[in-house]
Each structure stands twice: as structure tokens, then as C-alpha cells.
Amino acid sequence: VLMRSDPPVDADYLHDTQVLSAAQAQGANVTNDPAGLRDLNEKLAALLFPDCTPPTLVSREAAEFKAFAAEHGEVVLKTLDGMGGRSIFRSRHGDPNFNVILETLTADGRHLAMAQRYLPEISNGDKRVLLIDGEPVSHCLARIPQGDEFRGNLAAGGRGEVRPLSARDREIAAVVGPEMRRRGMRFVGLDVIGDYLTEVNVTSPTCIREIDAGAGLNIAGMLFNALERGPA
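Residues numbered from 1 in each chain as written. Predicted model: local features only at pLDDT ≥ 70, side-chain atom pairs only at ≥ 80, totals over all residues. Heavy atoms only, no water.

What the rule picks out here adds up to 0 disulfides. Sulfur of cysteine 52: no disulfide; nearest cysteine sulfur belongs to cysteine 140 and is 16 Å away. Judged by relative accessible area, which is 4%, cysteine 52 ranks as buried. Between cysteine 207, a cysteine without a disulfide, and cysteine 140, which holds the nearest cysteine sulfur, the sulfur-to-sulfur distance is 9.6 Å. Look at cysteine 207 and you get buried, because its relative accessible area is 5%. (Disulfide = S-S within 2.5 Å. Buried < 20%, exposed > 50% of the residue type's maximum accessible area, 1.4 Å probe, protein only.)

Below, the discussion takes up the environment of valine 1. Take valine 1: it is sitting in the segment before α1 (11–25). Spatially, the C-alpha atom of valine 1 lies 8.4 Å from that of leucine 20, the residues being 19 residues apart in sequence. (Helix = DSSP H or I, 4+ residues; strand = E, 2+ residues; numbered from the N terminus.)

Of all the 5 residues making up strand β4 (residues 113–117), 4 are buried; the element is thus mostly covered by neighbouring parts of the structure. Note: strand β1 (residues 56–59) against β4, 4 bridges, orientation antiparallel. For leucine 57, the partnering residue across the bridge sits in β4 and is alanine 115. Of the pairings in the sheet, the one linking strand β2 (residues 74–79) to β4 comprises 5 bridges and is antiparallel in character. (Pairing = 2+ DSSP bridges.)

Put into C-alpha cells, the structure is as follows:
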């Protein structure tokens with residue numbers, strides 16, 4: 001069973017993973033592992049690897065976000081369950097819209113949200129690095145913001161550019177890969193901006209077709225060959 005469904009990871013999604021755990025207990029080969037899908041929020045999972053991530057805050061408290069912005073100047077703020085660049089804000093210390101951004105993201109302090117130091121390297125692309133059984137695919141897709149847009153997501157109008165992995169991309173993959181493999185996360189997409197890991201995508205990592213077309217690969221074939229070999 002290939003479990004591949006877009007976020008959000010809501011109650012229906014969790015129920016699906018519980019059914020898949022029951023199927024797994026009866027011998028089904030489920031990818032990605034249902035327990036891992038429940039445990040690894042795509043934003044929070046990056047924090048398992050603090051040496052790879054930019055300065056990050058997760059909180060419900062407006063005062064903590066304001067202190068974080070005062071320390072780091074320019075920041076990116078986002079929900080914990082978004083995808084495709086939705087509900088991502090770029091702001092800075094002193095922004096008159098800062099309060100309303102926080103109210104929107106946290107629902108007046110009821111939900112957790114994330115802040116990360118803004119990485120100007122985004123202008124050179126938000127790279128999607130794909131892992132199969134913890135090993136990186138040779139090329140990534142750099143999603144480059146266009147015009148006055150700061151988000152590189154293809155869904156937000158970013159331009160895709162296929163590139164070989166850099167040495168730093170491989171370093172990050174070497175740190176993250178073994179833990180993903182241990183958790184049964186057989187197909188994972190890392191988001192890398194500059195030298196930093198920003199997200200770990202486990203539900204439905206995209207960019208296969210774009211990387212295939214640009215690098216002459218067959219990533220889906222690589223994945224299914226791995227699945228046919230049996231559990232990682």
C-alpha cells in the first residue's frame with residue numbers, strides 16, 4: 001500500500017493511518033510507515049536535526065514571537081499543517097501587521113505556529129531533495145521565487161530548476177536519512193534553503209516529474225524497485 005495523501009493531517013488522515021497500521025500488522029507492506037506518518041509533522045520533524053535547521057520558534061504566545069523577531073529581524077511565520085506555500089508570511093520586527101499575522105496563524109493563541117529566521121538564500125531557490133530508503137536522489141529541484149513573490153513553491157508560481165546535489169545537500173541528507181530509514185519513511189522530501197533544512201515532507205513529496213525530466217531519471221522506478229526488494 002502506497003499511502004500518499006496531501007496535508008492537512010486531520011482526523012480522517014489519522015484514522016486512515018490507524019487502519020493501515022492494522023493492515024501492516026497482518027502483513028501488508030505500507031509506505032510510508034503509518035506510525036511515522038502520525039509522529040512526523042512535516043514542519044516539526046526538521047527540529048529533530050537542530051544542527052541542520054535555521055533558528056526556529058514554535059509557540060502559541062505572541063510575546064515569544066515578538067521577541068524572536070526582535071532578535072532575528074526578518075522572519076518567516078507559518079502554520080504547522082500547510083502545504084504549497086499557503087499561510088506563509090514574511091515579516092519583520094516592527095511590522096504593523098505582525099499582531100494580525102499572529103492572530104491569524106494561532107487563532108488568537110489557540111494553535112501552535114512556527115517562526116524561522118528569514119533566509120535570503122531563498123532567492124537562489126528552495127531545494128527539494130528526495131530520499132529513497134534514506135539515500136538521496138542525485139539531483140534536486142530548486143524552486144525559485146518569481147517577481148515580487150518570496151515563496152519558491154511551484155504552487156505559488158515558483159520556477160523549477162533541476163540541479164545536482166551540493167555538498168551541503170548531501171551532508172543534510174546524511175544526517176536525516178538514517179533516521180527516516182529507521183522510522184520506515186521510505187520516500188521523503190527535504191526542503192533545503194541555502195545551508196539549512198526547513199521541512200521534512202513525508203506525506204506526499206512532489207517534484208518527481210520535474211527532476212526526472214531535467215536529469216533523465218526515473219525516480220518512481222527507483223522507489224518501486226526499492227519497495228519490491230522488501231522492507232528497508
